[in-house]
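Spelled out from the first residue to the last, the chains are:
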Amino acid sequence: MLYMSAAREDGRRKPAGVFYFHIQEPRAKMDKASGRVPLPEEPADPVPADPFLAEVEKEIRKQFRLKGRMVDDPETVEEIAGEFQKTSDVVNLTRSRDGGLRGDVMTEAEFEELEQAAAEKVVSLCADLAGGRIDIRPMKEGDWTACQYCDYQSVCRFDRSFRGCRYEEIDE
Ligand code: SF4
């Protein structure tokens, strides 16, 4: 979001979306019993040359789906997500029968609110740092904590049995 704000500083650009892209070696989830991905009951139309390979490709594409938020504007959605009937392969978007979109979309106003909130957070973090407040407060949302994905657990001194060590709880 901060990169987006920096790119918009000259006032000539409008936001389209912000995304994470997971860099990874893709692996298709295989059905354990058969060693094959379960195929859909209804065959695709047109039938792919090799349904098994087509299914593997689909599984792999799913793993490269972008995660983030985009502005709910038809032109922007088409540019980013491409054409799709029900569910996009590119981003987390589902089209309902009435043509509405569900998933990682937000209005332009909501997007600007989020951008503003991110900017305010940076200002408050900088003020904390300048004031010597550097408590370790990893994020926690429900059962999820930032520590679960952290490569520094083995050297980290975060321990809730110590005073001052607590999670930053965020609303689900
Ligand atoms: S393990 Fe330590 S460094 Fe990593 S997220 Fe948790 S508190 Fe932060």
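The structure we're discussing is the one just above.
Participant: Any chance you could explain the overall build of the protein here in plain terms?
Facilitator: A count of helices and strands for the protein gives four helices and eight strands. Along its sequence from the N terminus, the protein presents helices and strands in the succession α-β-α-β-α-β-β-β-α-β-β-β. Out of the 172 residues in the protein, the part that is buried amounts to 8%. Excluding contacts between residues fewer than 6 apart, the proportion of contacts in the protein whose partners are at least 24 apart in sequence is 55%.

Participant: When you look at the site of the ligand in this model, what are you seeing that I'm missing?
Facilitator: The environment of the ligand is made up of Ile136, Pro138, Ala146, Cys147, Cys150, Tyr152, Gln153, Cys156 and Phe158. Across the shell around the ligand, the residue classes tally to eight nonpolar, one polar and no charged.

Participant: Before we go on, may I ask you to explain the sheet that holds strand S7 (residues 144-145) in this structure?
Facilitator: Backbone-to-backbone hydrogen bonds pair the strands of a sheet. The strands run either parallel or antiparallel. Judged by pairing direction, the sheet is mixed, and its three strands sit side by side in the order S7-S6-S8 without closing on themselves. Every other strand in the sheet has two partners, leaving S7 and strand S8 (168-169) as the edge strands with one partner each. Two elements, strand S6 (residues 139-141) and S7, share two bridges in a ladder whose sense is antiparallel. Among the inter-strand pairings, Glu141 is bridged to a residue of S7, identified as Trp144.

Participant: Teacher, can you tell me more about the pairing of strand S2 (residues 67-71) here?
Facilitator: Walk down a regular strand and you will see the side chains alternate between the two sheet faces. Sheet analysis places strand S1 (residues 17-20) next to S2, joined by four bridges and oriented antiparallel. Within S2, the position partnered with Val18 by the bridge is Arg69. As defined by bridge partners, S2 adjoins strand S5 (residues 105-106) across two bridges and the pair is classed as parallel. When the sheet's bridge partners are listed, Met70 is paired in S5 with Val105.

Participant: Mind showing me how you'd approach helix H4 (residues 108-130) here?
Facilitator: Structural remark: α-helix, 3.6 residues per turn; residues separated by three or four positions point the same way. Taking 1.5 Å of rise per residue, the 23 residues of H4 would be expected to cover 33 Å, and the 33 Å separating its terminal C-alpha atoms lies within 8% of that figure. Summarising burial for H4: one of the 23 residues are buried, a small minority. One or two positions beyond H4, positive phi appears at Gly132, with a value near 85°.

Participant: What exactly am I supposed to notice about the nonpolar core here?
Facilitator: Soluble, globular proteins show a tendency: their nonpolar side chains are buried together. Core analysis: the biggest nonpolar cluster contains nine residues, these being Met70, Val71, Val77, Ile80, Ala81, Val91, Leu93, Val105 and Phe111. Among the secondary structure elements, those contributing two or more residues to this core are S2 and helix H3 (74-81). Among the elements that take part in this core, H3 stands out by supplying three residues, more than any other. For Val71, the residues in contact, after removing those within four places along its chain, are Pro15, Ala16, Gly17, Thr76, Met106, Glu108 and Phe111.

Participant: Sorry, what's going on with the sheet that holds S1 here?
Facilitator: Taken in spatial order, the three strands of this open sheet run S1-S2-S5, and their pairing is mixed. Where the open sheet ends on each side, the last strands, each with one partner, are S1 and S5.

Participant: I tried to follow the environment of Arg27 on my own but got confused; where do I start?
Facilitator: Structurally, the position occupied by Arg27 is in the loop between S1 and helix H2 (51-63). Judged by the 10 C-beta atoms lying within 10 Å of it, Arg27 is exposed. Along the primary structure Arg27 and Ile60 are separated by 33 residues, whereas in three dimensions their C-alpha atoms are 6.2 Å apart.

Participant: Quick question: what am I supposed to make of H3 here?
Facilitator: All buried positions along H3 are accounted for by Val77, Ile80 and Ala81. Axial view of H3: buried residues confined to an arc of 80°, hence all on one face. Every exposed residue of H3 that faces more than 90 degrees away from the buried side is listed here: Glu75, Glu78 and Glu79. Where H3 is buried, its residues meet S1, S2, strand S3 (93-95) and strand S4 (101-103). The positive-phi residue at the C-terminal boundary of H3 is Gly82, with phi of around 70°.

About the cut-offs
Residues numbered from 1 in each chain as written. Predicted model: local features only at pLDDT ≥ 70, side-chain atom pairs only at ≥ 80, totals over all residues. Helix = DSSP H or I, 4+ residues; strand = E, 2+ residues; numbered from the N terminus. Buried ≥ 20, exposed ≤ 12 C-beta atoms within 10 Å, placed from the backbone. Contact = placed C-beta atoms within 7 Å. Near = placed C-beta within 6 Å. Nonpolar A, V, L, I, M, F, W, Y, C, P; charged D, E, K, R; others polar. Pairing = 2+ DSSP bridges. Expected span 1.5 Å × (residues − 1). Core = buried A, V, L, I, M, F, W, Y, C linked by C-beta atoms within 7 Å. Arc of directions from axis to C-beta.

What is shown is where atoms sit, not what they do.
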